[in-house]
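Examining the three-dimensional arrangement
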Amino acid sequence: MAIFKIVLEVIVVIASVLLTLLILMHKGKGGGLSDMFGGGINSNAGTSGVAEKNLNRITIIVALIWVAIIIALGLMYKYNIG
């Protein structure tokens, strides 16, 4: 079980980095910190409705995987499994 715990820890680190990158790829809606640092420029050059929807779906899937692994690791540590 120790190997399983290590594998889950590695997956949660990879998912954390991937989730951070996916969130940063989202288009800013304006009025936030992105405007302060120059992200408030309105440009539709690289955006698409389908691409934005797919990015949203992928982000949600990765976030759900991340949450599930965090809960599993928490239960494993609580009940000393592995």
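Predicted model, so just to flag it, every value in this text is computed and none were measured.

**Digging into the side chain of Lys5**
By secondary structure assignment, the location of Lys5 is in helix H1 (residues 2-25). One buried charged residue, Lys5, forms no salt bridge at all, with the nearest opposite charge on Glu9 at 6.1 Å. Only 3.3 Å separates the side chain of Lys5 from the backbone oxygen of Ile81, close enough to count as a polar contact. Among residues more than four places away in sequence, those in contact with Lys5 are Leu73, Met76, Tyr77, Ile81 and Gly82.

**Structural notes on helix H3 (residues 49-78)**
The terminal C-alpha atoms of H3 lie 43 Å apart, and with 30 residues this matches the ideal 44 Å at 1.5 Å per residue to within 8%. For H3, the set of buried residues is Glu52, Leu55, Thr59, Val62, Ile69, Leu73 and Met76. For H3, the elements touching its buried residues are H1.

Basis of the calculations
- Residues numbered from 1 in each chain as written.
- Predicted model: local features only at pLDDT ≥ 70, side-chain atom pairs only at ≥ 80, totals over all residues.
- Heavy atoms only, no water.
- Helix = DSSP H or I, 4+ residues; strand = E, 2+ residues; numbered from the N terminus.
- Buried < 20%, exposed > 50% of the residue type's maximum accessible area, 1.4 Å probe, protein only.
- Lys, Arg positive; Asp, Glu negative; His and termini not counted.
- Salt bridge = Lys/Arg side-chain N within 4 Å of Asp/Glu carboxyl O.
- Polar contact = N/O pair within 3.5 Å; in protein donor to acceptor, adjacent residues only side chain to side chain.
- Contact = heavy atoms within 4.5 Å.
- Expected span 1.5 Å × (residues − 1).

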